[in-house]
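Coordinate inspection notes
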Amino acid sequence: MKVLIADDDQISRMITKAAVEQSGHECIVAVDGDSAWELYQAHAPEAVVTDLMMPGLNGLDLCRAIRSSEDDNYTYVILVTSHGSRKDVLAGMEAGADDYVTKPLDPFNLHIRLLAAQRITSLHSDLAKYRTALSNQARTDPLTKLHNRLKLTEDLGELHNRGDCPPRDYCLAMVDVDNFKSYNDIYGHQAGDSALVAIASTLAREVRESDGVYRFGGEEFLLVLGEQSEETAAVILERVRSAVHDLRIEHSGDPDGVLTISAGVSAFTQGHRAGAEQLLREADLALYAAKASGRNRVTL
Ligand code: GH3
Ligand code: MG
Ligand code: MG
Ligand code: MG
């Protein structure tokens, strides 16, 4: 572990440092509470061994500062206190410390506490990884590996709620596979799944890394194209439509003989500041028009 030691007394500092190093850990040493706080922020140590009484920021202040700044990483805090000061220990634990050792410091005593520190911080880091993995999974469509509707709702919310700044111009494109029910009927559900995967990766390939590609529902996808005019978005969607056509996935139930998509585009501009819900409705209406006028096309 990376262990931060904070003590204003030079002899105590040396004794603690020797003990921590003897336990096999890397040391960062601070001569008072304020520099400890700075070093903590710069180095993100897994554990802190801190004296209670220090000029400026004391051990309790340091504990509180650490606890209120933590997000996913947990820092294990051990207080070094004088003998017999129960009140100090209680205050320290209430401020967020995990454990304490008394002066004069017994290296063995500190060693066994650092073992516990290692176990607890490693548990916390496993938990954080697990949380991240779960959160990603909840936002990913298992079939196509695209982002799902939950992630779309969050991303659109973020676009529209950027403090005082109005959202930048962007476009939405609602994409729907043509005559897909009959594709399933003719070729089977498994072939349908494979076709959706192929179409999904084509959509992702044809737009920029910074654009959003989501599986909206069954055979519907949504594209979020950042900083694009509606006309440019239509050009991009035309390229996407053509790329899906060029996959040449045979579909005997479709007039084109291959699987195709239709798309409806809507735009958020400074002149038309509709909310996300409204833009989704507009894209859906445009998609409906694309379907009504013959499919395999893009409509604004
Ligand atoms: P249109 O051109 O008007 O969009 O016709 P369509 O047949 O594509 O539209 P409809 O909404 O009638 O049918 C959608 C089909 O998509 C029905 C459903 O079984 C299929 N579908 C939805 N999700 C999946 C999926 O995950 N896998 C497979 N294989 N099929 C799916
Ligand atoms: Mg002191
Ligand atoms: Mg549909
Ligand atoms: Mg369809």
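Worth saying up front: this structure is predicted, and the values here are computed from it rather than measured.

Turning our eyes to something else, we now look at the pairing of strand β4 (residues 76–81). Counted residue by residue, β4 has six buried out of six residues, so it is predominantly covered. Alternating positions in β4 separate into two faces, Y76, I78 and V80 on one and V77, L79 and T81 on the other, with burial throughout. Two elements, strand β3 (residues 47–51) and β4, share five bridges in a ladder whose sense is parallel. Bridging from a neighbouring strand, D51 pairs with V80 of β4. Relative to strand β5 (residues 99–102), β4 runs parallel, the two sharing four bridges. Bridging across to β5, T81 finds its partner in T102.

Among the 16 residues in the neighbourhood of ligand 1, the closest are listed as D178, F180, K181, G192 and G218. For the shell around ligand 1, the elements supplying multiple residues, two or more each, are β6 (170–177), α7 (180–187) and α8 (189–206). Here the residues of the shell around ligand 1 are counted per class, giving four nonpolar, five polar and seven charged.

Between α7 and α8, whose axes approach to 7 Å, the crossing angle comes to 130 degrees. One way to sum up the angle between α7 and α8 is to call them oblique. Contacts between α7 and α8 involve F180, Y183, N184 and Y187 from the first element and H189, A191, G192 and A195 from the second. In terms of residue class, the contact of α7 with α8 is made up of five nonpolar, three polar and no charged.

Another aspect to go through is the confidence of the model for the protein chain. Detail in the predicted coordinates should be disregarded across regions flagged by low pLDDT. Mean pLDDT for the protein chain: 95, with 99% of residues reaching 70 or above. For this predicted complex, the interface confidence reaches an ipTM of 0.97, while the overall pTM sits at 0.85.

With mixed pairing, the five strands of this open sheet are ordered in space as β7-β8-β6-β9-β10. Looking at the sheet topology across the chains shown, the edges are occupied by β7 (212–217) and β10 (298–299). Sheet analysis places β6 next to strand β9 (residues 261–268), joined by eight bridges and oriented antiparallel. Its bridge partner being in β9, A173 is matched across the sheet by V265.

Nonpolar side chains in soluble globular proteins tend to be buried together. Grouped together as the largest cluster of nonpolar side chains are 45 residues, with contacts concentrated most on A173, L223, A263 and V265. Ranked by residues supplied to this core, first place goes to β6 with seven residues. Ignoring any residue separated from it by four or fewer positions in sequence, one finds V265 in contact with C171, A173, E230, A233, A234, L237, A283, A286, V298 and L300. Core analysis: the next-biggest nonpolar cluster, separate from the first, contains 32 residues, A36, A47, L52 and A97 among them.

The next point concerns the sheet that holds strand β2 (residues 26–30). Pairing is parallel across the open sheet formed by five strands, whose spatial order is β2-β1-β3-β4-β5. Sheet topology places β2 and β5 at the edges, where each strand pairs with a single neighbour. Each strand axis lies, on average, 20 degrees off the axis of its neighbour in the sheet, ignoring direction. Against the sheet, helix α2 (residues 33–43) makes contact with β1 (2–6), β2 and β3, and its axis sits at roughly 165 degrees relative to β1, the strand it touches most.

This part is about the environment of T144. Relative to the assigned elements, T144 resides in the loop between α5 (107–138) and α6 (149–160). On the basis of neighbour count, T144 is assigned to the buried category, with 21 C-beta atoms found within 10 Å. Through-space distance from the C-alpha of T144 to that of P255 is 26 Å; in sequence the pair is 111 residues apart. If near-sequence neighbours (up to four positions away) are discounted, T144 is found in contact with L196, V197, A200 and R215.

Turning our eyes to something else, we now look at the environment of L237. By the secondary structure assignment, L237 is in helix α9 (residues 230–245). The sequence separation of L237 and N58 amounts to 179 residues, and the corresponding C-alpha distance is 61 Å.

The rules behind the values
Residues numbered from 1 in each chain as written. Chains lettered and ligands numbered in written order. Predicted model: local features only at pLDDT ≥ 70, side-chain atom pairs only at ≥ 80, totals over all residues. Buried ≥ 20, exposed ≤ 12 C-beta atoms within 10 Å, placed from the backbone. Helix = DSSP H or I, 4+ residues; strand = E, 2+ residues; numbered from the N terminus. Pairing = 2+ DSSP bridges. Near = placed C-beta within 6 Å. Nonpolar A, V, L, I, M, F, W, Y, C, P; charged D, E, K, R; others polar. Axes fitted to C-alpha atoms, helices over the stretch in contact; angles between N-to-C directions. Parallel < 35°, antiparallel > 145°, perpendicular 65-115°, else oblique. Contact = placed C-beta atoms within 7 Å. pLDDT = per-residue confidence, 0-100. Core = buried A, V, L, I, M, F, W, Y, C linked by C-beta atoms within 7 Å.

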